[in-house]
Amino acid sequence: MEPKTTKRIESLINASPIIVFMKGTKLMPQCGFSNNVVQILNALGINFETFDVLSDEEIRQGIKEYSSWPTIPQVYVKGEFIGGSDILIEMYNTGELKEKLEIALAS
Amino acid sequence: MPNSTDVSNAIQQVLPDAEVIVEDLNGTGDHLQVSVISNAFKGLSRIRQHQLVYQALNKELANEEIHALALTTSTP
C-alpha cells in the first residue's frame with residue numbers, strides 16, 4: 001500500500017473517537033453487514049463518524065491491508081480496530097461494547 | 001463457488017483440529033454462515049480468532065467467491 005494511502009487512513013482513524021469504514025452511509029447503508037454496525041451504534045445512542053469505502057477504492061483496499069482484515073465494515077475506537085459486524089454483534093450481546101465505548105469516550 | 005467441504009477443508013489446513021459448520025445462507029454458495037470450534041483459539045482475542053479463519057479463506061474472500069461471511073468462533 002502506498003504511504004500516502006496509509007497516511008490518509010491514519011488521519012481518518014485519528015480524526016474522530018469512533019469511525020466506521022462501511023459500504024454506504026449512516027442513512028443509506030449499502031450492505032447488510034454495514035447496516036448491522038450502524039443499527040448497533042444507533043441503538044447505543046453513540047455518536048460516530050463513517051467513511052463510505054464505495055466512494056474511494058484506494059481506501060476500500062487500503063483499509064483491509066492496514067488492519068489485515070479482509071472485509072468491510074471495520075470499526076475503530078480511539079484509533080484501535082475492534083472488529084467488523086460479527087464481533088460488534090457479539091460484543092453488543094454480551095454488553096462488552098457499551099462498556100468499551102463508554103470508557104473510550106470518557107477518556 | 002466453493003461448497004461447504006471446500007470451505008471446511010481450507011479452514012482445517014490452518015486449524016487441523018477445527019470443527020467447522022458451514023451454512024449456505026441463500027443457496028448460491030457465496031453467502032455463508034460459518035462457525036469454527038478449535039483449541040487453537042484458546043487465549044486469543046476474537047479479532048485474532050477471526051483473522052486465523054480469514055487467512056485460511058483468504059483466496060476465496062479476495063476473489064469474492066465468498067461474498068458475505070458471517071463468522072463465529074469458539075473453543076471446545
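Refer to the structure above for everything that follows.
Below you will find a few notes about this structure. (Residues numbered from 1 in each chain as written. Chains lettered and ligands numbered in written order. Predicted model: local features only at pLDDT ≥ 70, side-chain atom pairs only at ≥ 80, totals over all residues. Heavy atoms only, no water.)

### Side note on the sheet that holds strand S2 (residues 31-37) of chain B
Residue and element names in this part refer to chain B. Ordered in space as S1-S2-S3, the three strands form an open sheet in which the pairing is mixed. The sheet terminates laterally at strand S1 (19-24) and strand S3 (68-74), the two strands that pair on one side only. With strand direction ignored, the average angle separating the axes of adjacent strands in the sheet is 15°. Contacts from helix H2 (residues 46-56) reach S2 and S3, with the element oriented near 130° to S3. (Pairing = 2+ DSSP bridges. Helix = DSSP H or I, 4+ residues; strand = E, 2+ residues; numbered from the N terminus. Axes fitted to C-alpha atoms, helices over the stretch in contact; angles between N-to-C directions. Contact = heavy atoms within 4.5 Å.)

### Notes on the nonpolar core
A:Phe21, B:Ile11, B:Val34, B:Val36, B:Leu57 and B:Leu69 are the most contacted members of the largest nonpolar core, which has 50 residues in total. Once you skip the residues sitting within four places of it in the chain, B:Val36 turns out to touch B:Ile11, B:Leu15, B:Ala18, B:Glu19, B:Val20, B:Phe41, B:Val53, B:Leu71, B:Thr72, B:Thr73 and B:Ser74. (Core = buried A, V, L, I, M, F, W, Y, C linked by side-chain atoms within 4.5 Å. Buried < 20%, exposed > 50% of the residue type's maximum accessible area, 1.4 Å probe, protein only.)

### Remarks on the side chain of A:Asp56
Residue and element names in this part refer to chain A. For Asp-56, the position within the fold is in the loop between strand S2 (49-52) and helix H3 (57-66). Taking relative accessible area as the criterion, Asp-56 reaches 15% and is therefore assigned buried. A distance of 3.1 Å separates the side chain of Asp-56 from the backbone nitrogen of Glu-58, its partner in a polar contact. (Polar contact = N/O pair within 3.5 Å; in protein donor to acceptor, adjacent residues only side chain to side chain.)

### Overview of the sheet that holds S2(A)
Residues and elements named next belong to chain A. One open sheet accounts for four strands, arranged S2-S1-S3-S4; its pairing is mixed. Of all strands in the sheet, those with a lone pairing partner are S2 and strand S4 (80-83), marking the two edges. Each adjacent strand pair in this sheet contributes to an overall mean axis angle of 25°, direction not counted. The sheet contact formed by strand S1 (residues 18-22) and strand S3 (residues 74-77) spans four bridges and is antiparallel. Along S3, the bridge assignment pairs Phe-21 with Gln-74.

### Notes on the interface of chain A and chain B
On the side of chain B, 11 residues touch chain A, which itself brings 16 residues to the contact. Carbon and sulfur atoms make up 58% of the area that chain A and chain B hide from each other, which totals about 1,200 Å². When the buried area of chain A at its contact with chain B is split by residue, A:Trp69, A:Asp86 and A:Glu90 rank highest and sum to 39% of it. Where chain A packs against chain B, one counts two salt bridges. A:Glu96 serves as the salt-bridge partner of B:Arg46, at 3.0 Å between the closest nitrogen and oxygen. Taken together, chain A and chain B are joined by five residue pairs in polar contact (both at pLDDT 80 or more). Counting residues per element, the ones that place at least two in the side of chain A that touches chain B are S4 and helix H4 (85-94) of chain A. Sorting elements by how many residues they give to the side of chain A that touches chain B places H4(A) first, with five residues. Residue classes in the side of chain A that touches chain B are distributed as seven nonpolar, five polar and four charged. (Buried area = accessible area lost by both parts, 1.4 Å probe. Salt bridge = Lys/Arg side-chain N within 4 Å of Asp/Glu carboxyl O. Nonpolar A, V, L, I, M, F, W, Y, C, P; charged D, E, K, R; others polar.)

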